[in-house]
Amino acid sequence: MSHLISPLFLVAPRARWWGALRAGAGGSAGCRAGSCRRLSPASRARPNGHRPPPAAMRHLPYFCRGQVVKGFGRGSKELGIPTANFSEQVVESFPSDISTGIYYGWACVGNGDVHKMVLSIGWNPFYKNIKKSVETHIIHTFKEDFYGEILSIVIIGYIRPEKNFDSLEALISAIQEDIEEAKRQLDLPEHLKLKEDNFFHLPEGKIVNNH
Ligand code: ADP
Ligand code: MG
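First things first, this report covers the structure right here in the doc. (Residues numbered from 1 in each chain as written. Chains lettered and ligands numbered in written order. Predicted model: local features only at pLDDT ≥ 70, side-chain atom pairs only at ≥ 80, totals over all residues. Heavy atoms only, no water.)

### A closer look at the overall build of the protein
Tallying secondary structure elements over the protein gives six helices and eight strands in all. Of the regular secondary structure in the protein, the N- to C-terminal order runs α-α-β-β-α-β-β-α-β-β-β-β-α-α. Here the protein holds 211 residues, and 52% of them are scored as buried. Excluding contacts between residues fewer than 6 apart, the proportion of contacts in the protein whose partners are at least 24 apart in sequence is 75%. Only carbon and sulfur atoms are counted for the fraction: they give 52% of the accessible area of the protein, which is about 10,100 Å². (Helix = DSSP H or I, 4+ residues; strand = E, 2+ residues; numbered from the N terminus. Buried < 20%, exposed > 50% of the residue type's maximum accessible area, 1.4 Å probe, protein only. Contact = heavy atoms within 4.5 Å. Areas by Shrake-Rupley, 256 points an atom, 1.4 Å probe, with all protein chains shown as cover.)

The following block contains the structure:
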């Protein structure tokens, strides 16, 4: 059923999720515009009982900027949970081994304010699970859509793997929990710091993470 609802927060078979994991931790932290930084160990603590996979954490914080494109219109807006989709080109520029799942961080549309967000990196069933999608739900009420605008995000932490859901209610309730978890995490001082990062004040054209 979740396939009909949204390609977003959800829907990869568990087997695929585990298959996406790779052994080995460490390596570089998230990079941006040629510089790399690593978050403090405290900020890497798992939020809600899901052990963050090394393949998720070694790339964080991950800074990314790209245009918002039309997704598949599967009703996420109707659920009250619109997700701004990045283009295929931006999705392909993500580290190939970054784990699928639900993450939290900060987001900014154009030169607007920086808001909390939850983000899904997942396999899109529309394309028979051969294409990843990266979708951001900004925890803010916008007056209108912002297709075509530049969305800047920093992905900071991992919440959970993708899941299948048996019902719409279960799906909505899981997303609401993700949103609450993101809000709590992002209030931590070490995460609040990233809200003020210069990245959000760079000119839109500046190249970040290779795009
Ligand atoms: P699509 O399938 O085209 O991605 P959605 O139903 O997921 O459609 O809606 C996403 C669009 O909704 C975004 O591209 C954006 O223009 C708009 N939008 C409005 N408010 C938000 C929000 N808080 N977070 C993300 N997108 C939003
Ligand atoms: Mg969407």
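### Side note on the pattern of salt bridges
Across all of its chains, the model carries six salt bridges by this definition. A salt bridge links arginine 184 to glutamate 181; its shortest N-O distance comes to 2.8 Å. Taken as a pair, arginine 184 and glutamate 181 lie in helix H5 (residues 168-186) at a separation of three residues, close to a single helical turn. On the basis of relative accessibility, which here comes to 6%, the residue glutamate 181 falls in the buried class. (Salt bridge = Lys/Arg side-chain N within 4 Å of Asp/Glu carboxyl O.)

### Concerning the packing of aromatic side chains
If you walk through the whole model with that rule in mind, you get five aromatic pairs. When the centroid spacing of 5.5 Å and the interplanar angle of 80° are considered together, the rings of tyrosine 103 and tyrosine 158 count as edge-to-face. A residue pair is termed long-range when its members are at least 10 positions apart, and tyrosine 103 in strand E5 (residues 101-109) and tyrosine 158 in strand E8 (residues 150-160) qualify at 55 residues. Take tyrosine 103: its relative accessible area is 0%, and that puts it in the buried class. Using a relative accessible area of 2% as the deciding quantity, one classes tyrosine 158 as buried. A connected cluster of aromatic rings, assembled from ring pairs, spans Phe63, Phe199 and Phe200. The lysine or arginine in question, arginine 65, covers the ring of phenylalanine 199, its NZ or CZ lying 4.4 Å from the ring centre. (Phe/Tyr/Trp six-rings, centres within 6.5 Å; stacked < 30°, edge-to-face > 60°. Lys NZ or Arg CZ within 6 Å of the ring centre and 35° of its normal.)

### Some points on the pairing of strand E7 (residues 132-138)
The buried fraction of E7 amounts to seven of the seven residues, a majority that puts the element mostly inside the structure. Side chains Lys132, Val134, Thr136 and Ile138 project from E7 onto one buried face, and the interleaved Ser133, Glu135 and His137 project onto a second face that is buried too. Examined bridge by bridge, strand E6 (residues 114-123) and E7 share seven bridges and lie antiparallel to one another. Within E7, the residue paired with tryptophan 123 across the bridge is lysine 132. (Pairing = 2+ DSSP bridges.)

### Considering the site of ligand 1
Residues in close proximity to ligand 1 total 19 residues, the closest being Gly71, Gly73, Ser76, Phe146 and Tyr147. Glycine 71 places a polar main-chain atom, nitrogen or oxygen, 2.8 Å from an oxygen atom of ligand 1. The side chain of tyrosine 147 places a nitrogen or oxygen atom 2.6 Å from an oxygen atom of ligand 1. If ligand 1 stood free it would expose 560 Å²; the protein chains cover 94% of that surface. Residue assignment for the shell around ligand 1 shows that the elements contributing at least two residues are strand E4 (84-86) and E7. (Near = heavy atom within 4 Å. Polar contact = N/O pair within 3.5 Å; in protein donor to acceptor, adjacent residues only side chain to side chain.)

### A look at the coordination of the magnesium ion (ligand 2)
With distances of 2.2 to 2.3 Å, the protein atoms coordinating the magnesium ion (ligand 2) are Thr83 (O), Thr83 (OG1) and Asn85 (OD1). Accessibility classification places threonine 83 together with asparagine 85 in one group, the buried group. (Donors = N, O, S within 2.8 Å, 3.2 Å for Na, K, Ca; no water.)

### Side note on the sheet that holds E4
If you walk around this closed barrel you meet the six strands as E3-E4-E7-E6-E5-E8, and the pairing is antiparallel. The average angle at which neighbouring strand axes cross in this sheet is 45°, direction not considered. Where E5 meets E6, eight bridges bridge the pair, whose relative direction is antiparallel. Opposite isoleucine 102, over in E6, you have serine 120 as the bridge partner. Of the strands in this sheet, E5, E6, E7 and E8 are in contact with H5, which crosses E6 at around 130°. (Axes fitted to C-alpha atoms, helices over the stretch in contact; angles between N-to-C directions.)

### A word on the nonpolar core
Within the largest apolar cluster, 25 residues are counted, with the highest numbers of intra-cluster contacts made by Phe86, Phe94, Tyr103, Leu119, Leu151, Ile153 and Ile155. Put simply, the parts of the chain that give this core at least two residues each are helix H3 (54-57), strand E3 (62-69), E4, helix H4 (88-93), E5, E6, E7 and E8. With four residues, the single largest contributor to this core is E8. Every residue in contact with phenylalanine 86, bar those within four places of it in the chain, is listed here: Cys64, Arg65, Gly66, Gln67, Val69, Val91, Val134, Thr136, Leu151 and Ile153. Listed in part, the 21 residues of the second largest apolar core include Phe165, Leu171, Ile179 and Leu194. (Core = buried A, V, L, I, M, F, W, Y, C linked by side-chain atoms within 4.5 Å.)

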